[in-house]
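Observations on the model geometry
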Amino acid sequence: MKKTVVLTGITTTGTPHLGNYVGAIRPAISMSKDDNITPFYFLADYHALIKCQEPDRVRQSSLEIAATWLALGLDTENAVFYRQSDIPETLELTWLLTCVTSKGLMNRSHAYKAAVAENETTAENDPDKGITMGLFSYPVLMAADILLFNASKVPVGKDQQQHIEMARDIGARFNHIYGEHFTLPQAVIDEKGAILAGLDGRKMSKSYQNTIPLFEPEKKLKKLINKIKTNSLEPGEPKDTSDCTLFSLYQAFATPDEVAQVCQRYDEGISWGEMKSVLFEKINTEITPARERYETLLEKPTHIEEQLQEGARKARAISAPFIAQLRDAVGISTFSAK
Ligand code: TRP
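Judged by nonpolar contacts, the single largest core of 53 residues is most densely connected at W69, F81, I212, Y266 and M275. Broken down by secondary-structure element, the contributors of at least two residues to this core are α1 (18-31), β2 (37-44), α3 (55-71), α9 (218-226), α10 (245-253), α11 (256-267), α12 (272-299) and α13 (301-330). The element best represented in this core is α12, accounting for ten residues. Each of domain 1 (4-194 + 301-330) and domain 2 (215-296) accounts for three or more of the residues forming this core. If we skip the residues at most four places from it in the chain, Y266 touches E237, P238, K239, D240, T241, C244, L246, F247, W272 and M275. Listed in part, the 44 residues of the second largest apolar core include V80, V116, V154 and I164.

Written out as structure tokens, the structure is:
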């Protein structure tokens, strides 16, 4: 049976936090162990340049993200784990796709439109202020990532759904002009929330500065958990699990039985201090073995590099012949006999 190609990229601008872990990394890693799937997971470092022009941050983030996935037990036998910028065919394909992508489609991109809308609120009267061609053509680069490996499923957050639809449109346009070369991808969106609340109760997100970094040292993890916002109910007063940040975090790590027990303790009036320590223990127990591996890995970046190079080798074994086929299809191949 042919395996399903599942592909996703992680933009290398930040440090992985618990929200990334629960919403994206943990499910992706468990998928990497499924024999019916060939996962392609990559560090989207070209995408990082669109929003971050701090070289040290991009470098550090790439290292931390790679170490995170390896420490959490990504199965690199089955998964192809690589760095986007190690695959030159990505950029070649980006150009081939750019030439079949209508500007009107890109005008409709939410990310671009949001930037324009933001500019329109200022007095300067320049809708394109600070908007680079990188931001404008971002969906084409993303389409190239996906189409290059003929991925059929692309797990992403809801904010990325439009980009997958654009990848379909762009791939279909290319197929229409040059013949059936690309599989048209589908987004896989975890509708059941998997959205973790952050310190202040809003969605955990770098842009709200309310995150708990995944591999924070134990003491700091405890401190951060103690900072999570609660209401002012006293110990002994029954508490409501709905709309409770502590509870929703607990749920993301505990078994249904453990959750049921904690529900009962809410009814009985568990104190917030006690609940915070229950939550800390739960998260810390799950994370500690991986945290130790993470710290060891960060001390040996060459080991991480070897893994990424091996991933790039596997990826290019597919992308190099494929790009040759695509070059031929558009008429830019050599004159010599094939
Ligand atoms: N743009 C995506 C994000 O910010 C990351 C990404 C880049 C990606 N290329 C991709 C995701 C291809 C899925 C498929 O989340």
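This part covers α1. Taking 1.5 Å of rise per residue, the 14 residues of α1 would be expected to cover 20 Å, and the 18 Å separating its terminal C-alpha atoms lies within 8% of that figure. When α1 is considered as a whole, its buried residues turn out to be L18, G19, Y21, V22, I25, A28 and I29. Against the buried residues of α1 lie β2, α3, α10 and α12.

In this section: the domain arrangement of the chain. Domain boundaries assigned for the chain yield domain 1 (4-194 + 301-330) and domain 2 (215-296). Averaged C-alpha coordinates put domain 1 and domain 2 at centres separated by 33 Å. Contacts between the two partners involve nine residues from domain 1, matched on the other side by nine residues from domain 2. Summing the contributions of domain 1 and of domain 2, the shared interface buries around 830 Å²; its carbon and sulfur component is 66%. Here domain 1 is connected to domain 2 by one salt bridge. One salt bridge in this structure joins E286 and R26, with 3.2 Å as the shortest N-O distance. One can count four residue pairs in polar contact (both at pLDDT 80 or more) joining domain 1 with domain 2. Of all the secondary-structure elements, those providing two or more residues to the side of domain 1 that touches domain 2 are α1 and α3.

Calculation rules
- Residues numbered from 1 in each chain as written.
- Predicted model: local features only at pLDDT ≥ 70, side-chain atom pairs only at ≥ 80, totals over all residues.
- Heavy atoms only, no water.
- Core = buried A, V, L, I, M, F, W, Y, C linked by side-chain atoms within 4.5 Å.
- Buried < 20%, exposed > 50% of the residue type's maximum accessible area, 1.4 Å probe, protein only.
- Helix = DSSP H or I, 4+ residues; strand = E, 2+ residues; numbered from the N terminus.
- Domains from an automatic or database assignment.
- Contact = heavy atoms within 4.5 Å.
- Expected span 1.5 Å × (residues − 1).
- Buried area = accessible area lost by both parts, 1.4 Å probe.
- Salt bridge = Lys/Arg side-chain N within 4 Å of Asp/Glu carboxyl O.
- Polar contact = N/O pair within 3.5 Å; in protein donor to acceptor, adjacent residues only side chain to side chain.

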